[in-house]
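Topology and contacts: notes
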Amino acid sequence: MIAVYLILLIPLAGMVILGLVADSRRAGWINVRCNAWALAASVWLAVDVLIHGPQLSSGQLLYIDSFNVYLVALTAFVGLTTSIFSGPYMAHEQEAGRVNARRLRLYYAMYQGFMLAMYLVLTTNNMGVLWVAMEGATLATVLLVSLYRTPESVEAAWKYFILCGVGIALALFGTVLLYFAAEQKLGIGGNALLWTVLHENAAALEPNIMRLAFVFLLVGYGTKIGLVPLHNWLPDAHSEGPTPMSAILSGLLLNDALYAVVRCKMLVDGSLGTHTAGYLMMGFGLVSFLVAALFLHRQTDIKRLFSYSSIEHMGLMTFAFGIGSPWATFAALFHMTTHSLTKSAIFVTVGHAAQLAGTQRMTKIRGLILTQPAIGWGLLIGTVAIAGFPPFGVFASEFLVLIATMRDYPWLTPLLLIGIGIAFAGLFRHLQTMVYGDIPEGQTAIPANLWPVMIHLALVLWLGLSIPGFLGNWFSQATQLISGASPF
Amino acid sequence: MAIAELSLYQQAVLLLAGLIALTSFLMLGQSRLVRLVLVFAIQGILLAATTAMVAYALDFPHLFISAGLSFLLKGILIPIMLQRLIYRMGLHRELDTIEHPARVMMGGAFLMVFSYYVSLPVVAHSPLVTLNAIAVSLAVVLLGMLLMITRRQAVAHVVGFMSIENGLFFAAVVSTYGMPMVVELGVAADVLVAAVVFGVFFFQIRESIDSLDVDRLSKLSEADKP
Amino acid sequence: MAWLMAILQTLLFISLAPLLSGWIKRVKCRLQNRKAPSLFQPYRDLRKLYRKQPIVPHPASWIFRAAPYIVFASTVLAASIVPLVAINLPTARIADVIVLVGFFALGRTFLVLAGMDIGTAFGGMGSSREMTISSLAEPAMLMAVFTLAMSAHTTNLSQAMNFVLDTGLVLRPSFVFAVGGLILVAIAETGRIPVDNPATHLELTMIHEAMILEYSGRWLALIEWASQIKLMIYGVLIANIFFPWGIAQTFTLNALGLGLGMIVLKLAVLTVVLALFEALFAKMRIFRVQEYLSFAYLLSVLGMLSHIILEAAR
């Protein structure tokens, strides 16, 4: 259990140190090293949980089981690779004059602050602390979205703050209702907010109150996932912030919000016995999936394009978790991994492409593959991966979702297929000209560190070809936990 | 239980709950920012008083700490911060005109009825005496949201946001007699940091669009731009 | 016996009304650091007016001549319903609070018609303003009254007061809101600052005075007396419904004496509050009266909602 305390202490120490370090280059290095240590601690924790099973810390404050341990490892991994990319990238931005040293200090400190909030969301056992950490993640990143101080970024950050803040306030109401339902049966005291205790006694909780609480929790945390119609902050916040911020917001924060919703769903299913929570999630997820796929066609900004792609995939995952069958849950967990890896890789590439072309508008970005093949190929392969082409991992997970839907709700499968088709078309119609068009004048190659992109895409390819044994085991254990049965 | 059967202190809790709902309505109708923040401060103080009354009447000593915390934070600290910001930005002479105040008030009354309807299943099967007030707490949350929707000044948005948090805290007090201390402290810390970040934001917004009328923040949209 | 008591109470009511006016004027003058006229000056004014010959303008119809009597009669009937010193009187049993509102409406209608009857500009202006205000104030008053009625399960005034007396000291949020709404409505209906200045001589700012500009002599006396009685009715309503302690529930001399003493005390306190209100606030512009009255309505609705949400038994 020391590993889990380490995972929380490292980002905390990192945040404090980075708040004091003034030199940006050194700050970048310290950032990378903190993330590396956090990754090591998370791997240690993962091994621990694999061998010994779910672990509860003393005082029942922290709880690690197979569901959140792999998310912790994923968070640490993506955090590390993004920070490797972010060092030279932010240095380049500083040279270009878009940020100064003071703002970079805030950036690095809040990077670690954000990682701390993420780890806390994933490892805490207390539903109230989960809420506090989620709000903390919003607060840590909101000043970073407006880092460039352009009018658009200030507007995006304000929208992000207000919409997510209000949404999360509803989630707090849901948490209060949850606590209320629990107190009725479990008595007053800190125990009534612990997930482990609630999960054990789920059947005893009053169904009416739980249903009401779940609606509030879904709407609240759903705002942070980016479910339509609560998604309005997402394209703005992900596109106006610095690229490393977009990468970790898209790759990590959305996952953690979905994790919170699934944890609540597990409680509500135990209490209600019916499929209501699942239907709600399916409804929101399907609508998000279809609406986002349609919106992809209208985009003119490259980062907004991929933000809508994030909304689409999160909608798909919510839909799959909503179905709730073992296959669907397995698919959703797998998709969380592949999407996170692919999306963060894409955003890194997109950031470089925007730096190369000097703008984020897709009509102005041309001829990437000719100017700098690494970026061009990276973008092409990344988009191919995220659109769901075999043999990449996203194809495998989407395929599994389709199978699961066909099994339980065959009439919804055409909708999914149409959505996937529309999204594919939307992504590629923009991509074609960006990658292959004529080179505009004065476009030269820039120094770029594309190793993180290549590692991520290679991992996604590997996952698409064959899921390694331990990972498959992990997923099926988590599936067992969430849906009550294993897919195998 | 009908109100006549409760003890005097419990009646006082319900009376204070009614007054908190009144402050929410008053905030909806305030067009001057300084007075808006003042009414918000009164709401915070009433909230602290209600918490203290519940702590005394129903014998939950740990709620006294929550009462003190919310009094300090929401009755004093955040209103003072907001007032100073208002004076620094020169907003104390501006009028944030509310379009159609009558419609807004009717909307507020409708939201109160709606929150009563929503909380019916919660209240039906519980013996807690103060639980009637949970409809009021949900109403305060929804009225805070209505406040945010009907205003254009960023400061009014922040007051609405804080008022939502007030409603949530109130819900926790009347239904669960306060959340566990660690959660309360976390929420209080979040609220404080949020207030500070909002303060920073006002200056950023002012720098970029030269006013705090957030209707002017409309550069990002879905429509194709020329 | 009870009927005799009822008639005596009504007579007491209408004879005390000018005294109340004199007391308000006295308090206001003290607050404004002026020398006040005697407490009994309104009586002298009424007597002076009664002796003078009334003058009828040419275009006047029978409405102009009949209106003062109708206004006075309806106000006296309203005064007979409201318990002043004792409850459980037979007059109180005949009619309830909705009839009370109806009596006020009857009087107001004829006063408004009389204002328009002559065809002068000021009369018409006063009438239209009065109707605007009352059309907004009546729902607020009714809502406040319904709130009370929902708690007491009756609209009859003396039964409602019995109910409040029987249940003892209960802090009801709905009553707090209802009394707030009712006070605001009372100020609007009786034409006090901040809605209407009763002592103004500027015709363009008048509401109530504009309607009665053409009246003189005994008709003016009757109308003035009626408006004084109306003010007292509202004061007694507020004092006795929401703070009924001390009112006589039996007809013994002791109880009646205590009842009289208590109501005099309560009215004295209420009028000090009213005078303070008048001294602190300026008269509102006419288009702002609707905001004021919607606030009164809001308070009453909140009272109703808090009754249903917070007080009703589940």
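All of the points below concern the structure found in this document. (Residues numbered from 1 in each chain as written. Chains lettered and ligands numbered in written order. Predicted model: local features only at pLDDT ≥ 70, side-chain atom pairs only at ≥ 80, totals over all residues. Heavy atoms only, no water.)

Once that is clear, we can look at the overall build of chain B. Within chain B, the regular secondary structure consists of 7 helices and 0 strands. Over its C-alpha trace chain B gives a radius of gyration of 19 Å, about what one expects of a compact globule, namely 17 Å for 226 residues. Counting only residues that meet the buried cut, chain B has 61% of its 226 residues in that class. Expressed as a percentage of contacts within chain B between residues at least 6 apart in sequence, the contacts between residues at least 24 apart total 74%. Carbon and sulfur atoms form 67% of the exposed surface of chain B, whose accessible area is close to 8,700 Å². Charged side chains in chain B number 13 positive and 14 negative. The centres of these two groups are separated by 11 Å. (Helix = DSSP H or I, 4+ residues; strand = E, 2+ residues; numbered from the N terminus. Rg over C-alpha atoms; globule rule 2.2 N^0.38 Å. Buried < 20%, exposed > 50% of the residue type's maximum accessible area, 1.4 Å probe, protein only. Contact = heavy atoms within 4.5 Å. Areas by Shrake-Rupley, 256 points an atom, 1.4 Å probe, with all protein chains shown as cover. Lys, Arg positive; Asp, Glu negative; His and termini not counted. Charge placed at Lys NZ, Arg CZ, Asp CG, Glu CD.)

What follows is about the interface of chain A and chain B. Contact with chain A, which involves 52 residues of that partner, is made by 53 residues of chain B. Surface buried jointly by chain A and chain B totals about 4,400 Å² across both partners, of which 74% is contributed by carbon and sulfur atoms. At the boundary of chain A and chain B, one finds 0 salt bridges. At the surface where chain A touches chain B, the tally comes to 1 residue pair in polar contact (both at pLDDT 80 or more). Of all the secondary structure elements, the ones that give two or more residues to the side of chain A that touches chain B are α5 (127-145), α6 (151-186), α8 (207-225), α9 (233-240) and α12 (302-323) of chain A. (Buried area = accessible area lost by both parts, 1.4 Å probe. Salt bridge = Lys/Arg side-chain N within 4 Å of Asp/Glu carboxyl O. Polar contact = N/O pair within 3.5 Å; in protein donor to acceptor, adjacent residues only side chain to side chain.)

Residues and elements named next belong to chain A. Where α12 contacts helix α13 (residues 326-357), the two axes come as close as 9 Å, and the packing angle between them is 170°. As judged from the angle between their axes, α12 and α13 are roughly antiparallel. Residues that form the contact of α12 with α13 fall into these classes: 15 nonpolar, 7 polar and 2 charged. (Axes fitted to C-alpha atoms, helices over the stretch in contact; angles between N-to-C directions. Parallel < 35°, antiparallel > 145°, perpendicular 65-115°, else oblique. Nonpolar A, V, L, I, M, F, W, Y, C, P; charged D, E, K, R; others polar.)

Throughout the structure, instances matching the rule amount to 33 aromatic pairs over all chains. Both rings, one in Trp158(A) and one in Phe201(B), keep their centres 6.0 Å apart while their planes meet at 65°; by these two values the pair is edge-to-face. Of this pair, Trp158(A) sits in helix α6 while Phe201(B) sits in helix α7 (residues 181-209), placing the two residues on different chains. The residues Trp158(A) and Phe201(B) share a single accessibility class, namely buried. Site record: aromatic cluster; members linked through ring pairs are Tyr70(A), Trp327(A), Phe330(A), Phe334(A), Phe470(A), Trp474(A) and Phe475(A). Lying over the aromatic face of Tyr148(A), Arg98(A) brings its terminal NZ or CZ to 4.2 Å of the ring centre. In this structure, Lys230(C) is placed above the aromatic ring of Phe104(C), and the distance from its NZ or CZ to the ring centre is 5.4 Å. (Phe/Tyr/Trp six-rings, centres within 6.5 Å; stacked < 30°, edge-to-face > 60°. Lys NZ or Arg CZ within 6 Å of the ring centre and 35° of its normal.)

As a further point, take helix α17 (residues 413-436) of chain A. Residue and element names in this part refer to chain A. A rise of 1.5 Å per residue sets the reference length of α17, with its 24 residues, at 34 Å; its end C-alpha atoms lie 34 Å apart and thus fit the reference within 8%. Those residues of α17 that sit buried are Thr-413, Leu-416, Gly-419, Ile-420, Ala-423, Gly-426, Leu-427, Phe-428, His-430, Leu-431, Met-434 and Val-435. Its buried side turned inward, α17 meets α11 (276-295), α12, α14 (368-371), α15 (373-387) and α16 (393-408). (Expected span 1.5 Å × (residues − 1).)

Right, let's get into the side chain of His208(C). Considering the arrangement of structural elements, one finds His208(C) in helix α9 (residues 208-211). Those residues within four positions of His208(C) in sequence are excluded, and the remaining contacts are Leu111(C), Asp196(C) and Ser227(C).

Turning next to the nonpolar core. Grouped together as the largest cluster of nonpolar side chains are 378 residues, with contacts concentrated most on Trp158(A) and Phe202(B). Top contributing element to this core by residue count: α6(A), with 22 residues. Excluding residues that lie within four positions of it along the chain, Trp158(A) makes contacts with Ala154(B), His157(B), Val158(B), Phe198(B), Phe201(B), Phe202(B), Ile205(B), Val214(B) and Leu217(B). Listed in part, the 7 residues of the second largest apolar core include Met5(C), Leu89(C), Ala255(C) and Leu256(C). (Core = buried A, V, L, I, M, F, W, Y, C linked by side-chain atoms within 4.5 Å.)

Ranking the 2 pairs of chains in contact by number of contacts places chains A and B first. Separated without contact, chain A and chain C have their nearest C-alpha atoms at a distance of 17 Å.

Here we come to the pattern of salt bridges. One pass over the structure, following the stated rule, counts 13 salt bridges over all chains. For Glu93(A), the salt bridge goes to Arg98(A), with nearest N and O atoms at 3.2 Å. Residue Glu138(C) pairs with Arg108(C) through a salt bridge whose shortest N-O separation is 3.1 Å. Separated by 30 residues along the polypeptide, Glu138(C) in helix α6 (residues 121-152) and Arg108(C) in helix α5 (residues 97-117) bring together distant segments of the chain. Each of Arg108(C), Glu130(C), Glu138(C), Glu189(C) and Lys230(C) takes part in a single network of salt bridges with overlapping partners.

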